[in-house]
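Topology and contacts: notes
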Amino acid sequence: MSKIKDRLINLGEFVLQPDDDMIICRCEEVTKGEVRKAVHDGMFTLTEIRRYTRTGMGLCQGQTCGRLIKGIVARELGVAPIELEAAVVRSPMRPIEMKVLGNEGKEAR
Amino acid sequence: MEHCADVVIIGGGIIGNSTAYYLAKKGCSVIVLEKSEDIGNGGSSRNGGGVRQSGRDKRELPLAMYGAKKLWPTLSEELDMDVEYYQEGNLRLGKTEGHIKILEGLTKNATSLGLDVTMINHDEAKAINPYLSAEVMGASWCPTDGHANPLLATLAYYRKARKLGVRFVTSEEVVEIRKIKGKARQVITTENTYEGETVIIAAGYASRKIAATIGVDIPMNPALLEVLVTEAQPPMFYQMLGTAAADFYGHQSTHGSFVFGGTSGFEEVNKDNGTPVTNSLTASCICRGIMKYFPCLEDAKIVRTWAGWIDVCVDHVPVISHVEEVPGLILACAFSGHGFGIAPTVGTLLAHMAVGEKTILDVSDFRYDRFKAKI
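Computed from a predicted structure; not experimentally measured. (Residues numbered from 1 in each chain as written. Chains lettered and ligands numbered in written order. Predicted model: local features only at pLDDT ≥ 70, side-chain atom pairs only at ≥ 80, totals over all residues.)

Structural notes on the overall build of chain B
Put simply, the rule is: Strands here are runs of E lasting at least two residues and helices are runs of H or I lasting at least four, both read from the DSSP assignment and numbered beginning at the N terminus. In this setup the radius of gyration rests on C-alpha atoms only. A globule is expected at 2.2 Å times the number of residues raised to 0.38. With C-beta atoms placed from the backbone, the exposure class of a residue follows from how many other C-beta atoms lie within 10 Å of its own: 20 or more, buried; 12 or fewer, exposed; in between, partly exposed.
Secondary structure assignment for chain B yields 10 helices and 18 strands. The C-alpha radius of gyration computed for chain B amounts to 21 Å, which stays within 12% of the reference 21 Å derived for 375 residues, consistent with globular compactness. Taken along its principal axes, the extent of the C-alpha atoms in chain B is 65 × 45 × 40 Å. For chain B, buried positions account for 56% of its 375 residues.

Structure (structure tokens):
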């Protein structure tokens, strides 16, 4: 199935599932149900899901939950996971103190 | 899929989304076309979240004041979603005599335009924000300024507009606008043709290329700005921050993280490879700036940095305008990095303009044909 462009497509009723309270993004404590609900609220891309629910915005930057969320969103939309573009990875790759990041010039000298 | 609507909006950023929402509320049918795969993928999701009135051009100030008074305070309620709006004031900080002079100038300007801004000394600033460093000599203080969460505000407008039946189409790049019987009507994308009684271009810098297809040009350039975010900190303060030296700007969010924007001085010459990537110098530079004003944040960890383009108009004021030569066309672009805070007001105004109602505020300062050569 090709990419969904029209945001008015009918995804059917949002029905609660027994494991909806399972935490998927551990850093930001976002549950499976919240991710599924976000899709029904119109968030169709992993980037939108991230901005809407904060999944992948915590300390691990989605390294733990990225693949799981892709699967949940793909199933909700009825597309293959490969159709979904991963949310962008951002620098720095590991959280780093301001005083360290701000010190890069001195080290170079 | 329906390809005709009362209004076709090009650009699914916060300007396009808010306009779509206010139009849908009036009962209009609306289609929003977004080039990116994601809604609100330009400056709308990448800015520092300021909802400022202070520091605005006098032409823009009435829009900012209207928003801060009438729209932002009730926006979360109106859109059924918390947009994390805080109206806790704006501190613009100074560390040197030169900075204080700049701040006094800005304060004088703002006061003469009827905005409540005052100069305060170190102790008064400390009373508002106890985390300031000893280096801070004084500040300008606008108690009615604030900030909101740009990611959520942009998506909240989208979500609500979608619920009201607005058709959003993503990955839909507009290549041309065509006139029918002398009136802008057809919007041609790489794959489809849409038709609207009114066409609004609200596509950031990309507006320039689209407007060119119908013979209109707006003098603007893209500029890359960068933002960083820390891990969550305990709740500390909720004022919006800025500095006279423009070292950085930012705030603490509901989540606890601090969001700071800033520059490295290389913005004019940043390499442009077609995606808004961060420059390796900028985040470090912003950190050094912040720590001079807030030494207590030196151990706060940066978890993410990102960049986004703004569409800088030659006179740093947006274009919000009908186009006389092209009936049916409305331009809303060149926001010059000030678009987020005034987006609710602009959406309201554009909705009035699109249906031919009198706008609640005068928009003649934002005309598309105000640009004149210097001699």
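Anyway, onward from the coordinates.
Describing the overall build of chain A
Counting its regular elements, chain A contains five helices and three strands. Shown N-terminal to C-terminal, the secondary structure of chain A runs as helices and strands in the order β-β-α-α-α-β-α-α. For chain A, whose C-alpha radius of gyration is 17 Å, the value lies well above the compact-globule estimate of 13 Å for 109 residues. Once the C-alpha set of chain A is aligned to its principal axes, its extents read approximately 60 × 30 × 20 Å. Taken across its 109 residues, chain A has 37% of its residues classed as buried.

Re the packing of helix 3 (residues 61-71) of chain B against helix 10 (residues 339-355) of chain B
Describing two packed helices takes the angle between their axes plus the distance from one axis to the other. Residues and elements named next belong to chain B. To keep it simple, the criterion reads: Each axis is a line fitted through C-alpha atoms, taken for helices only over the stretch in contact, and angles between the N-to-C directions span 0 to 180 degrees. The cut-offs work like this: below 35 degrees is roughly parallel, past 145 is roughly antiparallel, 65 to 115 is roughly perpendicular, and the gaps in between are oblique. This entry defines residue contacts through backbone-placed C-beta atoms, with two residues in contact when those atoms are within 7 Å. Just so you know the grouping, Ala, Val, Leu, Ile, Met, Phe, Trp, Tyr, Cys and Pro go in nonpolar, Asp, Glu, Lys and Arg go in charged, and all remaining residues, Gly too, go in polar.
One way to put it is that helix 3 packs onto helix 10 with a least axis distance of 8 Å and a crossing angle of 80 degrees. The orientation of helix 3 with respect to helix 10, classified from their angle, is roughly perpendicular. Listed contacts from helix 10 to Leu63, Ala64, Tyr66, Gly67 and Leu71 of helix 3 are Gly341, Ile342, Pro344, Thr345 and Val346. Across the contact of helix 3 with helix 10, the residue classes tally to seven nonpolar, three polar and no charged.

Observations concerning the domain arrangement of chain B
All names here are of chain B. The cut-off we apply is this: What fixes the domain bounds is an automatic or database domain assignment.
For chain B, the assigned domains are domain 1 (4-49 + 151-219 + 315-366) and domain 2 (90-143 + 221-313). One C-alpha centre belongs to domain 1, the other to domain 2; they are set 30 Å apart. With 19 residues of domain 1 at the interface, the matching set in domain 2 holds 15 residues. Class assignment of the residues belonging to the side of domain 1 that touches domain 2 gives a composition of eight nonpolar, nine polar and two charged.

Describing the interface of chain A and chain B
Our working definition: Strands were regarded as paired on the criterion that DSSP finds at least two bridges between them.
Counting residues at the interface gives 28 residues for chain A and 35 residues for chain B. Put simply, the parts of the chain that give the side of chain A that touches chain B at least two residues each are helix 2 (46-53), strand 3 (96-97), helix 4 (98-101) and helix 5 (104-108) of chain A. Residues belonging to the side of chain A that touches chain B are distributed by class as follows: eight nonpolar, seven polar and 13 charged. As paired strands, strand 3 of chain A and strand 16 (residues 301-313) of chain B are joined by two bridges and run antiparallel to one another. Bridged to Ile96(A) within strand 16 of chain B is Ile302(B).

Section: unusual backbone geometry
Across the junction of Ser91(A) and Pro92(A), the peptide omega takes the value -5 degrees, indicating a cis bond. Along the chain, Pro92(A) turns up in the loop between helix 3 (66-77) and strand 3. Notably, Lys181(B) is not glycine yet its phi reads approximately 50 degrees, a positive angle. With respect to the helices and strands, the residue Lys181(B) is situated in the loop between strand 9 (174-180) and strand 10 (183-189).

Points about the nonpolar core
Residue and element names in this part refer to chain B. Note the following rule: By convention in this section, buried Ala, Val, Leu, Ile, Met, Phe, Trp, Tyr and Cys residues joined through C-beta atoms within 7 Å make up a nonpolar core.
Among the nonpolar cores identified, the biggest contains 104 residues, and Ile10, Val30, Ile200, Ile201 and Ala332 are the most heavily contacted of them. No other element matches the nine residues that helix 10 contributes to this core. The residues that make up this core include at least three from each of domain 1 (4-49 + 151-219 + 315-366) and domain 2 (90-143 + 221-313). Non-local contacts of isoleucine 201, meaning those with residues more than four positions away in its chain, are made with Ile10, Gly11, Ser207, Ile210, Ala211, Leu331, Ala332 and Cys333. Counting residues in each nonpolar core, the second largest holds 36 residues, with Leu91, Leu132, Phe260 and Ile286 among its members.

Some thoughts on the pairing of strand 9 of chain B
All names here are of chain B. As paired elements, strand 9 and strand 10 share six bridges and run antiparallel to each other. In the sheet register, valine 174 faces strand 10, and the bridge partner there is threonine 189. Connecting the antiparallel pair strand 9 and strand 10 is a turn made up of two residues, with lysine 181 showing a positive phi of about 50 degrees.

Thoughts on the packing of helix 1 (residues 14-25) of chain B against helix 10 of chain B
Residue and element names in this part refer to chain B. So the rule is basically this: A clockwise turn of the near helix away from the far one marks a right-handed crossing, whereas an anticlockwise turn of less than a right angle marks a left-handed crossing.
The interhelical angle for the contact between helix 1 and helix 10, taken along N-to-C directions, is 45 degrees, at an axis separation of 8 Å. On the basis of the axis angle, helix 1 is oblique to helix 10. Considering the relative orientation of helix 1 and helix 10, their crossing is right-handed. Contacts from Ile14, Ile15, Ser18, Thr19, Tyr21, Tyr22 and Leu23 of helix 1 reach helix 10 at Gly339, Phe340, Ala343, Pro344, Val346, Gly347, Thr348, Leu350, Ala351 and Ala354. In the contact of helix 1 with helix 10, the residues fall into 12 nonpolar, five polar and no charged.

Description of helix 5 (residues 97-112) of chain B
An α-helix turns once every 3.6 residues. As a result, residues three or four positions apart point the same way. Residues and elements named next belong to chain B. The test is simple: Multiplying 1.5 Å by the residue count of a helix minus one yields the expected span of that helix. This arc is built from the directions going out from the helix axis to the C-beta atoms.
For helix 5, which comprises 16 residues, the first-to-last C-alpha distance of 23 Å matches the rise-based estimate of 22 Å (1.5 Å per residue) to within 8%. Of all the residues in helix 5, the buried ones are Leu103, Leu106, Thr107 and Ala110. For helix 5, the angular spread of the buried residues around the axis is 105 degrees, confining them to a single face. More than 90 degrees from the buried face of helix 5, the exposed residues found are Glu97, Gly98, Lys101, Gly105 and Ser112. Looking one or two residues past helix 5, glycine 114 carries a phi angle of roughly 90 degrees, positive in sign.

What about helix 2 of chain A?
Burial within helix 2 of chain A is extensive, with eight of its eight residues counted as buried. Turning to helix 2 of chain A, its buried residues number three or more, namely Leu46(A), Thr47(A), Glu48(A), Ile49(A), Arg50(A), Arg51(A), Tyr52(A) and Thr53(A). Of the surrounding secondary structure, the elements contacted by the buried residues of helix 2 of chain A are strand 2 (30-31), helix 1 (32-40) and helix 3 of chain A together with helix 2 (43-46) and helix 7 (150-163) of chain B.

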